[in-house]
Amino acid sequence: MALARTRRSHRGVDYWPGFVDALSTLLLAIMFLLCVFVLAQFFLSREITGKDEVLDRLTSQVNELTQLLALEKSGKQDLEDSLANLQASLAESEGERSRLQQILNQGAGASDAANARISELSETIDSERQVSARALSQIELLNQQIAALRSQIAAVEGALQASEAKDASSQAKIADLGRRLNVALAQRVQELNRYRSDFFGRLREILSDRENIRIVGDRFVFQSEVLFPSGGSDLNPEGQAEMQKLATALLDLAKEIPPEINWVLRVDGHTDNVPLSGTGRYVDNWELSSARATSVVKFLIANGVPADRLVAAGFGEFQPLAPGETEQARATNRRIELKLTEK
């Protein structure tokens, strides 16, 4: 008879739903990580877009300053050419003045005309000197403007280099943030798995090795017949005793889990696929499964378990462990599942 019970127990255990739940949990963690990464990429793209606009404006300013510098250089060259022409004209005037002075010395009769010519040439020379002085002043002003333009160009180039360096630093920070987030998530999952194993081990010791209380994957499963009367959601005396043991184990474990792990115990109610009559207390299996899960949660809260560490969910007959229409399959599917997970 012991061998027969053992075989029935092995036939009743299906590890595939536990594997699917574990895989779903892993996928949710990966999706959460991808969401965080997409948000980080979105904020970074907005920051980089703003910097690109600043870079475009700075580049446009550099182009405008370069054009102004070219125009200023062209004007300076024109003024230098004009100054050279004036200096050549001045040299010619000086030579003419010298020649007239010689004529004045040679001929007394032409002295008045020569003096008049000399006065005229002197005025012309003075005028040309004033023009030359103004040209030199304009050249000096242009040199100062060119120096200021060069200083502005250097400042713009410095701003461009600083902006590029900041972009590179932002990229490195995002990569480091992703790596640290991956490590943190992996550590949280490992820690929670370790405490889940400890919790299930303690429950196995407390509740003993009963056929109608077992571990399936990452869940602890109670058959509904252990906890509730047929069609009801109020814990029977035997169910209250089992839940009292569960509450004690959960409170002991809560003292050991670090506060940074935001854990919850999820209580899932499941029924078989036999429809209710609709005339009783519950209209359908949805309401019955939800009421049973809620009844377990309220009992745990009454025995000291914090309400923010408990979640109740009803699944009706839509998450069966055993397919088929046999009485054994239906009995397997009527259950309460406990899962230690994160919020």
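Bear in mind the structure is a predicted one, so any value in this text is a computation, not a measurement. (Residues numbered from 1 in each chain as written. Predicted model: local features only at pLDDT ≥ 70, side-chain atom pairs only at ≥ 80, totals over all residues. Heavy atoms only, no water.)

Colleague: Any details on the overall build of the protein? Residues and values, ideally.
Modeller: The helix and strand inventory of the protein stands at seven helices and five strands. Listed by position from the N terminus, the elements making up the protein come as α-α-α-β-β-α-α-β-α-β-α-β. Looking at the protein as shown, the accessible area adds up to about 20,400 Å², and 56% of this sits on carbon and sulfur atoms. (Helix = DSSP H or I, 4+ residues; strand = E, 2+ residues; numbered from the N terminus. Areas by Shrake-Rupley, 256 points an atom, 1.4 Å probe, with all protein chains shown as cover.)

Colleague: So what about the packing of aromatic side chains? Which residues, and what values?
Modeller: Under the definition given, this model contains four aromatic pairs. Measuring from ring centre to ring centre gives 5.6 Å for phenylalanine 42 and phenylalanine 43, while their planes differ by 65°; the resulting arrangement is edge-to-face. Classification of phenylalanine 42 by relative accessible area gives partly exposed; the value is 42%. (Phe/Tyr/Trp six-rings, centres within 6.5 Å; stacked < 30°, edge-to-face > 60°. Buried < 20%, exposed > 50% of the residue type's maximum accessible area, 1.4 Å probe, protein only.)

Colleague: Quick one: what's the story with the nonpolar core, residue by residue and with numbers?
Modeller: With 27 residues, the main nonpolar core has Phe222, Leu227, Met243, Val296, Leu300, Ile336 and Leu338 as its most contacted residues. Contributing elements (two or more residues each) for this core: β2 (219-223), α4 (224-227), α5 (237-256), β3 (263-270), α6 (285-302) and β5 (335-342). (Core = buried A, V, L, I, M, F, W, Y, C linked by side-chain atoms within 4.5 Å.)

Colleague: With reference to specific residues and values, describe the confidence of the model for the protein.
Modeller: Taken residue by residue, the protein gives an average pLDDT of 80. The fraction at 70 or more is 82%. Within the protein, the element-level pLDDT minimum falls on helix α1 (residues 2-12), averaging 50, and the maximum on strand β4 (residues 310-314), averaging 96. (pLDDT = per-residue confidence, 0-100.)

Colleague: Go over α6 with me, naming the residues and quoting the values.
Modeller: A rise of 1.5 Å per residue sets the reference length of α6, with its 18 residues, at 26 Å; its end C-alpha atoms lie 26 Å apart and thus fit the reference within 8%. Buried within α6 we find Asn285, Leu288, Ser289, Ala291, Arg292, Ala293, Ser295, Val296, Val297, Phe299 and Leu300. Residues of α6 that are buried in the fold lie against α4, α5, β3, β4 and β5. Where α6 begins, the side chain of aspartate 284 points an oxygen toward the backbone nitrogen of tryptophan 286, at a separation of 3.3 Å. Within two residues after α6, glycine 304 carries a phi angle of roughly 100°, on the positive side. (Expected span 1.5 Å × (residues − 1). Contact = heavy atoms within 4.5 Å. Polar contact = N/O pair within 3.5 Å; in protein donor to acceptor, adjacent residues only side chain to side chain.)

Colleague: Please provide a residue-by-residue account of the pairing of β4, values included.
Modeller: Pairing of β3 with β4, which is carried by five bridges, proceeds in the parallel orientation. Along β4, the bridge assignment pairs aspartate 268 with alanine 313. (Pairing = 2+ DSSP bridges.)

Colleague: Please provide a residue-by-residue account of the packing of α5 against α6, values included.
Modeller: The N-to-C vectors of α5 and α6 enclose an angle of 55°; their axes lie 10 Å apart at closest approach. Considered as vectors, α5 and α6 are oriented oblique to each other. α6 is crossed by α5, and the crossing has right-handed handedness. In this structure, α5 uses Gln240, Met243, Gln244, Leu246 and Ala247 to contact α6, whose residues at the interface are Val296, Phe299 and Leu300. Among the residues forming the contact of α5 with α6, the class breakdown is six nonpolar, two polar and no charged. (Axes fitted to C-alpha atoms, helices over the stretch in contact; angles between N-to-C directions. Parallel < 35°, antiparallel > 145°, perpendicular 65-115°, else oblique. Left-handed = near helix turned anticlockwise from the far one by under 90°. Nonpolar A, V, L, I, M, F, W, Y, C, P; charged D, E, K, R; others polar.)

Colleague: Give me the lowdown on the pairing of β3, citing residues and values where you can.
Modeller: Counting buried positions along β3 gives seven out of eight residues, so the element sits mostly inside the fold. Where β3 lies against β5, eight bridges are found, and the strand directions are antiparallel. When the sheet's bridge partners are listed, leucine 265 is paired in β5 with leucine 340. Chirality of the crossover, the property in question, places the unit of β3, α6 and β4 among those that are right-handed. (Right-handed = clockwise from strand over helix to strand, strands pointing away.)

Colleague: Explain the environment of glutamine 223 to me, and be specific about the residues and the numbers.
Modeller: You can see glutamine 223 is positioned in strand β2. Distance from glutamine 223 to histidine 270, taken between C-alpha atoms, is 9.5 Å for residues 47 residues apart in sequence. Polar contacts involving the side chain of glutamine 223 include one to the main-chain carbonyl oxygen of alanine 331, which spans 2.5 Å.

Colleague: Describe the pattern of salt bridges, and please don't skip the residues or the numbers.
Modeller: One pass over the full model with this rule turns up twelve salt bridges. A salt bridge links aspartate 234 to arginine 281, with the shortest nitrogen-to-oxygen separation between them at 3.6 Å. Highlighted residues: aspartate 234 in the loop between α4 and α5 and arginine 281 in the loop between β3 and α6, separated in sequence by 47 residues. Judged by relative accessible area, aspartate 234 falls into the partly exposed class, the value being 47%. Here arginine 334 ties to aspartate 272 by a salt bridge, and the two come within 2.6 Å at their closest N and O atoms. On the criterion of sequence distance, the pair formed by arginine 334 in the loop between α7 (327-333) and β5 and aspartate 272 in the loop between β3 and α6 is long-range, its members being 62 residues apart. In this structure arginine 334 comes out as buried when scored by relative accessible area, which is 17%. With relative accessibility at 9%, the residue aspartate 272 sits in the buried group. (Salt bridge = Lys/Arg side-chain N within 4 Å of Asp/Glu carboxyl O.)

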